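Close look at the chain arrangement
Here is what each chain is made of, one letter per residue.
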Amino acid sequence: MKRPKSGGSEAPRELVTSELVEACKKGDEVAWARLVEATHREVYSLCLRILRDPHDAAEATQDAYLKAWRALGSFRGEAMFTTWMYRVAANAAISKQRGRKRKRIHEVDADEEMMSQLPSTASTEALAGARIELEAVEEALKLLPDHYRAALVLRDVYGMSMDEVAKELKITETAAKVRVHRGRKKLKEMLYSDDTE
Amino acid sequence: MRCAEVKEMIPALARESQPSLAVRRHLGKCRGCQQELETYRNLIASLQTLEARAVEPPPGLAAQLIAIPRGASTVDHLRSHVTRNRAAYAGGTAAAVAVAGAAAALLWRSRDRSPQRQRRTGKGRLATA
């Protein structure tokens, strides 16, 4: 899994030192507060990108940190703390997504409808070589069906391997590849009005 | 190779898989497929950029997260207390069940010996006869 990138001079990976994590393991609440301060925006963002709903994302973030606090002893520092924390957060968000699935049976139909209404960016040959507006990408991601969005967010936004995506989603690696593939296709269809076909 | 076949592979080619010789040959001469591949690469690059764009969490969330050790320690303390004293709790529960069972049995017997019930069942008459 990829490391969090710097959003400025205070990237979480730089702020979360092994000493800070060790202090948290010993129950140091001040260290814990610093660790939360350094990482919670990225963790909340991950949960929000998977769940879309800010309330659900906040709950998943709480679940993730509670689990992290209890499981800190098992963190051996083989991966970076932020990488480990992303996995814990992805797990919490996906559990939440499964839990609410029953309530949202009709979501896919609604999403298909919304997708067709999404104003796409101009589609020209020039656009193929240009970066798409990030706001438009965020909006388009929100309109993807849950199963495609979760796979795409974990793979392409947070850089998990296909194997990790499969484990998080509790599906086979082949199924994870299919979801990522279809998610990319749908996203591309949404963002480019005229297909180049 | 036909465009349709190559385009079906492009979302994966943009990141995971290496193109075969046949695909490379097609891409070398097909401008449409080249553009398609470029589009997917840019899309993926944009998605990768999102990671660094953190969304501001709702106010108060950080405070709740910071307070987790206090809340968790209370629950964990209770849990570990119960775990440590599992035998005592199990014994206490078994004793309570035994006392309740004995009380129920006594109540049942006393009910069985009551004069009204003896009259109803005829046991009293048989005893006096």
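How each quantity is defined
Residues numbered from 1 in each chain as written. Chains lettered and ligands numbered in written order. Predicted model: local features only at pLDDT ≥ 70, side-chain atom pairs only at ≥ 80, totals over all residues. Helix = DSSP H or I, 4+ residues; strand = E, 2+ residues; numbered from the N terminus. Contact = placed C-beta atoms within 7 Å. Nonpolar A, V, L, I, M, F, W, Y, C, P; charged D, E, K, R; others polar. Core = buried A, V, L, I, M, F, W, Y, C linked by C-beta atoms within 7 Å. Buried ≥ 20, exposed ≤ 12 C-beta atoms within 10 Å, placed from the backbone. pLDDT = per-residue confidence, 0-100. Arc of directions from axis to C-beta.

Take the overall build of chain A next. The helix and strand inventory of chain A stands at eleven helices and zero strands. Its helices and strands in sequence order give chain A the pattern α-α-α-α-α-α-α-α-α-α-α, from N to C terminus.

Across the boundary between the two partners, chain A contributes 45 residues, which contact 34 residues of chain B. At the level of secondary structure, the elements contributing two or more residues to the side of chain A that touches chain B comprise helix H3 (29-51), helix H4 (54-71), helix H7 (125-128), helix H8 (134-143), helix H9 (146-157) and helix H11 (173-191) of chain A. Looking at the side of chain A that touches chain B, the element that brings in the most residues is H3 of chain A, giving eleven residues. Here the residues of the side of chain A that touches chain B sort into 21 nonpolar, ten polar and 14 charged.

Now for the nonpolar core. All names here are of chain A. Formed by 63 residues in total, the largest nonpolar core has its most connected members in Leu-46, Cys-47, Ala-89 and Ala-93. Ranked by residue count, the leading element in this core is H3, at eleven residues. Excluding residues within four positions of it along the chain, Leu-46 makes contact with Tyr-86, Ala-89, Ala-90, Ala-93 and Tyr-158.

A word on unusual backbone geometry. All names here are of chain A. The residue Arg-52 is not glycine, and still its phi comes out positive at about 70°. With respect to the element layout, Arg-52 can be found in the loop between H3 and H4. Take Arg-52: there are 17 C-beta atoms within 10 Å of it, and that puts it in the partly exposed class. The backbone phi angle of Lys-170 is positive, close to 55°, even though this residue is not glycine. Residue placement: Lys-170 occurs in the loop between helix H10 (162-169) and H11.

All names here are of chain A. In this model, chain A carries a mean pLDDT of 82, and residues with pLDDT of at least 70 account for 74%. pLDDT under 50 marks residues 3-9. Its contacts with residues more than four places away, or in other chains, come to 17 contacts. Throughout residues 119-126 the model reports pLDDT below 50, and contacts reaching past four residues in sequence, or to other chains, amount to 15 contacts.

A separate point is the confidence of the model for chain B. Residues and elements named next belong to chain B. Confidence in the prediction for chain B averages 81 pLDDT; 74% of positions are at 70 or higher. By mean pLDDT, helix H8 (residues 123-128) is the weakest element of chain B at 51, and helix H4 (residues 61-66) is the strongest at 95. If you check the scores for this complex, the pTM reads 0.72 and the ipTM reads 0.78.

On to helix H1 (residues 3-13) of chain B. Residues separated by three or four positions in an α-helix point in the same direction, a consequence of the helix having 3.6 residues per turn. Of all the positions in H1 of chain B, only Val-6, Lys-7, Ile-10, Pro-11 and Leu-13 of chain B are classed as buried. The buried side chains of H1 of chain B occupy one side of the element, clustering within an arc of 160° when seen end-on. Opposite its buried face, H1 of chain B presents the exposed residues Ala-4 and Glu-5 of chain B, each directed more than 90 degrees away. If you follow the buried residues of H1 of chain B, they end up packed against H11 of chain A together with helix H2 (21-29) and helix H3 (31-50) of chain B.

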